[in-house]
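Each chain, written out:
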Amino acid sequence: MKITQQGFTLIELMIVVGILGFLATVALPAYNAYTDRTKISEILVIADSAKSSISDYYMSAGHMPVTTSQANINTDILQSKYIGAIAFSTTSTTATVTYSIQNTTISGDIALVGSSSSNGIQWACNTAATTIENRYLPANCRK
């Protein structure tokens, strides 16, 4: 009489558990970094309206707006649960909108700086005032 195997051996099960454990230790940190980058991207999408408003004001008035109401910027932090504060400042040639990050595993500020030129305003999102690590910023914002 021939005996056939009925199921898996203990060593086969341990190999599968080991492989799954290894994949989990590699995949979870990568996934967490990915979700943090998407939270920063959400803030940058919200910031696009502020950048457009400032650029429109500059093109029509010929100078930087002095206040948020002149620039028609929404400073309500309820736009996203990841925004802790929104700050706005200008000089004669630049405008800066700074978003403080909250409710994520990372903390810091992302500062969008618009510099005036004859063609309008050129925006940069990774400046000296940005305190978030490069690995959390979208590719177009990395140094």
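Structural data are supplied above this passage.
Note that the structure is predicted; figures quoted are calculated from it, not measured.

A. Local environment of the overall build of the protein chain. A count of helical and extended segments in the protein chain gives two helices and four strands. In sequence order, the secondary structure elements of the protein chain are arranged as α-α-β-β-β-β. At 24 Å, the protein chain has a C-alpha radius of gyration far larger than the 15 Å of a compact globule built from 143 residues. Based on the C-alpha atoms only, the size of the protein chain along its principal axes is roughly 95 × 30 × 25 Å. For the protein chain, the proportion of its 143 residues judged to be buried stands at 34%. Long-range contacts, defined here as pairs at least 24 residues apart, represent 38% of the contacts in the protein chain between residues at least 6 apart. Accessible area of the protein chain: about 9000 Å², with a carbon and sulfur share of 59%.

B. How the structure looks around the sheet that holds strand β4 (residues 120–124). Spatial ordering of the open sheet is given by β1-β2-β3-β4, a layout of four strands whose pairing is antiparallel. Looking at which strands have only one partner, the edges of the open sheet turn out to be β1 (83–90) and β4. Averaged over neighbouring strand pairs, the angle between their axes works out to 20 degrees when direction is ignored. Sheet analysis places strand β3 (residues 108–117) next to β4, joined by five bridges and oriented antiparallel. Considered in β4, the bridge of S116 is made with I121.

C. Up close: the side chain of D36. Summarising the element assignment, D36 is placed in helix α1 (residues 10–61). Judged by its relative accessible area of 3%, D36 falls in the buried class. Once you skip the residues sitting within four places of it in the chain, D36 turns out to touch T104, T105, I106 and Y136.

D. Here's a closer look at unusual backbone geometry. Phi is positive for N72, close to 60 degrees, though the residue is something other than glycine. Here N72 lies in the loop between α2 (68–71) and β1. The phi angle at N103 is positive, at roughly 60 degrees, despite the residue not being glycine. Following the sequence through the fold, N103 ends up in the loop between β2 (94–101) and β3.

E. Up close: the state of the cysteines. What the rule picks out here adds up to one disulfide. Through a disulfide, C125 is tied to C141; the S-S separation comes to 1.8 Å. On the sign convention where negative is left-handed, the bridge of C125 and C141, at about -120 degrees about the S-S bond, is left-handed. Here C125, found in the segment after β4, pairs with C141, found in the segment after β4; they are 16 residues apart in sequence, far enough to count as distant. Here the two residues C125 and C141 agree in accessibility, since each one is buried.

So, how was this worked out
- Residues numbered from 1 in each chain as written.
- Predicted model: local features only at pLDDT ≥ 70, side-chain atom pairs only at ≥ 80, totals over all residues.
- Heavy atoms only, no water.
- Helix = DSSP H or I, 4+ residues; strand = E, 2+ residues; numbered from the N terminus.
- Rg over C-alpha atoms; globule rule 2.2 N^0.38 Å.
- Buried < 20%, exposed > 50% of the residue type's maximum accessible area, 1.4 Å probe, protein only.
- Contact = heavy atoms within 4.5 Å.
- Areas by Shrake-Rupley, 256 points an atom, 1.4 Å probe, with all protein chains shown as cover.
- Pairing = 2+ DSSP bridges.
- Axes fitted to C-alpha atoms, helices over the stretch in contact; angles between N-to-C directions.
- Disulfide = S-S within 2.5 Å.

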